[in-house]
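# Per-entry structural report
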Amino acid sequence: MQFFLASFLLLPFLLVCIVESLVKLFIPKKRKSVTGEIVLITGAGHGIGRQTAYEFAKLKCKLVLWDINKHGLEETATECKRLGAKAHTFVVDCSNREDIYSSAKKTTKAFLPEMMKNNHGHIVTVSSAAGHTGVPFLLAYCSSKFAAVGFHKALTEELSALERTGVKTTCLCPNFINTGFIKNPRTSLGPILEPEEVVNKLIDGILTEQNMIFVPSSLSFLSLMEKVLPERFRAVLKRKVDVRFDAVIGYNMKGK
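Residues numbered from 1 in each chain as written. Predicted model: local features only at pLDDT ≥ 70, side-chain atom pairs only at ≥ 80, totals over all residues. Heavy atoms only, no water.

### Things to note about the pattern of salt bridges
One pass over the structure, following the stated rule, counts six salt bridges. With a shortest N-O distance of 2.9 Å, Lys 29 and Glu 209 are connected by a salt bridge. Highlighted residues: Lys 29 in the loop between helix H2 (11-26) and strand E1 (38-42) and Glu 209 in the loop between helix H8 (195-207) and strand E7 (212-215), separated in sequence by 180 residues. The salt bridge involving Glu 55 is made with Lys 58; its shortest N-O contact spans 3.1 Å. Note that Glu 55 and Lys 58 are positioned in helix H3 (residues 47-58) at a spacing of three residues, about one turn of the helix. For Glu 55, a relative accessible area of 19% corresponds to the buried category. Linked through salt bridges whose partners overlap, the residues forming this network are Lys 29, Lys 32 and Glu 209. (Salt bridge = Lys/Arg side-chain N within 4 Å of Asp/Glu carboxyl O. Helix = DSSP H or I, 4+ residues; strand = E, 2+ residues; numbered from the N terminus. Buried < 20%, exposed > 50% of the residue type's maximum accessible area, 1.4 Å probe, protein only.)

As structure tokens, this is what we get:
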């Protein structure tokens, strides 16, 4: 009973937050400067990671690029340097804890603890629309993406509880992207996304400190519907979304 009374007393604050959100729709937040900042990008040898590196290179950041694919990593670094950025490459297997710690000592040392100590930084988690809703025959993929969203939300809450307001968090949740990971994906939500389109949304979201980025933005509405609609109606709605694909190919970069 006490909880419901406290919640009722928060209604005026809720109205203020709603008005604030509506104002932000028409008055975009000013972009922050990241010139000279150290940016660590995992998976920088291909796809979203590579395009993200290019965009941060244009912003004159100091880049630390990780990937298991040495050839792809070097190609990314070459282009970043051509764009005027300093780029340092490390061949890292992000599934290997020792590999991560070894490379971390050579670069940014102790990521989150150092960010918290300085109360400065920005942590970006790359998830997927599949981190908010289940997709048939993508059990392992959906599970990992749900975990990524959960990590992002828990980390955001923990930083808030510790009053580390200078350490920002962002989670990217796109629809299918044309990276070759899944063969011939189709959905009624719209055309398959190109990496450049997704990265443009990501960079804008980071620089304006958005907490959750859906691409396309209409996915945020579907995510809300997932939580409030009756189960039976959700099942019919998902059939209308009509997610289809031929096969999960994945990336096979170790030998390249």
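### Examining the nonpolar core
Side chains that are nonpolar tend, in soluble globular proteins, to be buried together. The biggest cluster of nonpolar side chains holds 28 residues, and the ones touching the most others in it are Ile 41, Phe 56, Leu 63, Leu 65, Cys 80 and Val 198. Looking at this core, the elements that each hand over two or more residues are E1, H3, strand E2 (62-67), helix H4 (70-82), H8 and E7. Setting aside anything within four residues of it in sequence, one finds Leu 63 in contact with Val 39, Ile 41, Ala 53, Phe 56, Ala 57, Cys 80, Ala 85, Lys 86, Ala 87 and His 88. With seven residues, the next largest nonpolar core counts Val 135, Leu 138, Phe 176 and Ile 182 among its residues. (Core = buried A, V, L, I, M, F, W, Y, C linked by side-chain atoms within 4.5 Å. Contact = heavy atoms within 4.5 Å.)

That's the geometry; what it means functionally is another story.
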